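Survey of secondary and tertiary structure
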Amino acid sequence: MERTLVLLKPDAVQRDLVGDIISRLERKGLKLVGIKMMQLPADLLDVHYRHLVGRSFYPEIRSFMQRTPVIACCWQGADAVNTIRLLCGVTKAREAAPGTIRGELAMSVQANLIHCSDSLETAQAEVERFFKPDELFEYEDILETFIYSSGEQG
Ligand code: IDP
Ligand code: MG
């Protein structure tokens, strides 16, 4: 089973959408294996968004991501990385598909509610960057045999 990082951004916290977004991922059948609230330091953001450092809009993203604490979560599931990217929708929220988190709940390129890892390799690095080993959990999911067929279970 894959593990992936999700951040619920300051707009999700401020707009009281934390519960709604977590509920969507839970109802999909994904398994929550780590969760915490964090005020993100600038140096962590500079690493996390290193592909955007240097862009003219990066200072605004950094200050936006620091306006309130965020909720960091680690989710587990079969193909969890790609599955959550699909549920999230494209970056420019007003063009995100109906039914997606961004498509249903946001209008902005910057304030698009959620970060999710974009590849398995990135997910592994991001989960390690945001969570200490003892903040991630393994436990039995008693519904797993109703969520997956035997061949899909990890
Ligand atoms: P993603 O979050 O869909 O993976 P990335 O390209 O990795 O998108 O960008 C990271 C975040 O930076 C976006 O979610 C958004 O908050 C912000 N961002 C990306 N491009 C722009 C832009 O052109 N203007 C303002 N903010 C942007
Ligand atoms: Mg990205």
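Fair warning: this is a prediction, and the values are worked out from it, not measured in the lab.

Cut-offs used in this document
- Residues numbered from 1 in each chain as written.
- Chains lettered and ligands numbered in written order.
- Predicted model: local features only at pLDDT ≥ 70, side-chain atom pairs only at ≥ 80, totals over all residues.
- Heavy atoms only, no water.
- Helix = DSSP H or I, 4+ residues; strand = E, 2+ residues; numbered from the N terminus.
- Buried < 20%, exposed > 50% of the residue type's maximum accessible area, 1.4 Å probe, protein only.
- Contact = heavy atoms within 4.5 Å.
- Near = heavy atom within 4 Å.
- Polar contact = N/O pair within 3.5 Å; in protein donor to acceptor, adjacent residues only side chain to side chain.
- Areas by Shrake-Rupley, 256 points an atom, 1.4 Å probe, with all protein chains shown as cover.
- Nonpolar A, V, L, I, M, F, W, Y, C, P; charged D, E, K, R; others polar.
- Pairing = 2+ DSSP bridges.
- Axes fitted to C-alpha atoms, helices over the stretch in contact; angles between N-to-C directions.
- Salt bridge = Lys/Arg side-chain N within 4 Å of Asp/Glu carboxyl O.

Topic: the overall build of the protein chain
Helix and strand content of the protein chain: 8 helices and 4 strands. Going from N to C terminus, the protein chain has its helices and strands arranged as β-α-α-β-α-α-β-α-α-β-α-α. Counting only C-alpha atoms, the protein chain reaches 50 × 35 × 25 Å along its principal axes. Here the protein chain holds 154 residues, and the buried ones make up 42% of them. In the protein chain, the share of contacts with a sequence separation of at least 24, taken over all contacts with a separation of at least 6, comes to 75%.

So, the site of ligand 1
Near ligand 1, the surroundings consist of K9, Y49, H51, L52, F57, I61, R85, T91, R102, V109, Q110 and N112. Take H51: an N or O atom from its side chain is 2.8 Å from an oxygen atom of ligand 1. R102 is positioned such that a nitrogen or oxygen atom in its side chain is 3.0 Å from an oxygen atom of ligand 1. Surface burial for ligand 1 is 79%, taken as the share of its 530 Å² of free accessible area covered by protein chains. Partitioned by chemical class, the residues of the shell around ligand 1 number 5 nonpolar, 4 polar and 3 charged.

Focus on the side chain of N112
Mapped onto the elements of the fold, N112 is located in the loop between helix 6 (101-105) and strand 4 (114-116). On the basis of relative accessibility, which here comes to 2%, the residue N112 falls in the buried class. At 3.0 Å, the side chain of N112 and the backbone oxygen of V109 are in polar contact. Setting aside residues up to four positions removed in sequence, N112 forms contacts with K9, D11, T91, A93, R102 and A106.

Looking at the sheet that holds strand 2 (residues 31-38)
Neighbouring strands of a sheet are bound in pairs by backbone hydrogen bonds; such pairs are parallel or else antiparallel. Strand order in the open sheet made by the 4 strands is 2-3-1-4, with antiparallel pairing throughout. Two strands bound the open sheet, and with one partner strand each, they are strand 2 and strand 4. Each strand axis lies, on average, 20 degrees off the axis of its neighbour in the sheet, ignoring direction. In this structure, strand 1 (residues 2-8) lies alongside strand 3 (residues 70-77), joined through 7 bridges in antiparallel fashion. The residue of strand 3 that forms the bridge with T4 is W75.

Focus on the pattern of salt bridges
Tallied over the entire structure, the rule returns 5 salt bridges. For the salt bridge of E135 with K132, the shortest nitrogen-to-oxygen distance reads 4.0 Å. A relative accessible area of 53% means that K132 is categorised as exposed. Residues joined by salt bridges that share partners form a network here, namely K36, K132 and E135.

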